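The lines below spell out each chain.
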Amino acid sequence: MVSQSLFGTSDVVTVLKPRCNPRWKAACGLGLYDTAFDPSLLTCFRRRPQRSSEDSTVFDDAVATQGMVTQLISAVRRVIRA
């Protein structure tokens, strides 16, 4: 989802990145022979907060932001090592 928001790509194009480019695969935390995820997974992640019965938007945003930052840093380090 980070790649999608940075580059403004569709779900399908976003999923094709790790399928076609080993650097994107490493950035997603996938091994060289792992299969990429289905584009519908991105839709599920976007809908998850909408289905919540509580208004936890601020908490969800903080956790998501911290999680994304941590994942990005980890992915960048893996790509640099590779």
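Overview of the structure. Source: prediction; values computed, not measured.

### Quick word on the overall build of the protein chain
When its secondary structure is counted, the protein chain shows five helices and zero strands. Its helices and strands in sequence order give the protein chain the pattern α-α-α-α-α, from N to C terminus. Sequence separation of 24 or more characterises 43% of the internal contacts of the protein chain that already satisfy a separation of 6 or more. Carbon and sulfur atoms make up 60% of the accessible area of the protein chain, which totals about 6300 Å².

### Here's the deal with the environment of Asp 34
As for its placement among the helices and strands, Asp 34 is situated in the loop between helix H3 (22-27) and helix H4 (40-51). Looking at Asp 34, the relative accessible area reads 37%, which means it is partly exposed. Between the alpha carbons of Asp 34 and Pro 18 there is a distance of 9.8 Å; along the sequence they are 16 residues apart. A polar contact of 2.6 Å, which involves the side chain of Asp 34, links it to the backbone nitrogen of Gly 31.

### Quick word on the packing of aromatic side chains
Applying the stated criterion to the full structure yields one aromatic pair. Centroid distance Phe 7 to Trp 24: 5.8 Å. Interplanar angle 80°. Geometry classified as edge-to-face. Of this pair, Phe 7 sits in helix H1 (residues 2-7) while Trp 24 sits in helix H3; the two residues are 17 residues apart in sequence, bridging distant segments of the chain.

The rules we used
- Counting starts from 1 at the beginning of each chain's written sequence and moves along it residue by residue.
- Note on the predicted model: pLDDT of at least 70 is required for a residue's local features to be given, and 80 or more for side-chain atom pairs to be given and counted; whole-chain, interface and lining totals, by contrast, use all residues.
- Note that water and hydrogens are dropped before the side-chain values are worked out from all heavy atoms of the structure.
- Secondary structure elements follow DSSP: runs of H or I of four or more residues count as helices, runs of E of two or more count as strands, with numbering from the N terminus.
- Between two residues, a contact is recorded if the distance between any of their heavy atoms is within 4.5 Å.
- For every accessible area listed, the method is Shrake-Rupley and the probe measures 1.4 Å; residues are considered covered only by the protein chains on display.
- Categorising residues by exposure relies on relative accessible area from a 1.4 Å probe, with only protein chains included: less than 20% of the type maximum marks a residue as buried, more than 50% marks it as exposed, and the intermediate range marks it as partly exposed.
- In protein, a polar contact means a hydrogen-donor-capable atom and an acceptor-capable atom, both N or O and within 3.5 Å, with residues adjacent in sequence counting only if both atoms are side-chain atoms; elsewhere, any N or O pair within 3.5 Å suffices.
- Ring pairs shown here join Phe, Tyr and Trp side chains whose ring centres sit within 6.5 Å, with only the six-membered ring taken for Trp; geometry is labelled stacked below 30 degrees between planes, edge-to-face above 60, and tilted in between.

Scope: geometric values only; no functional claims are made or implied.
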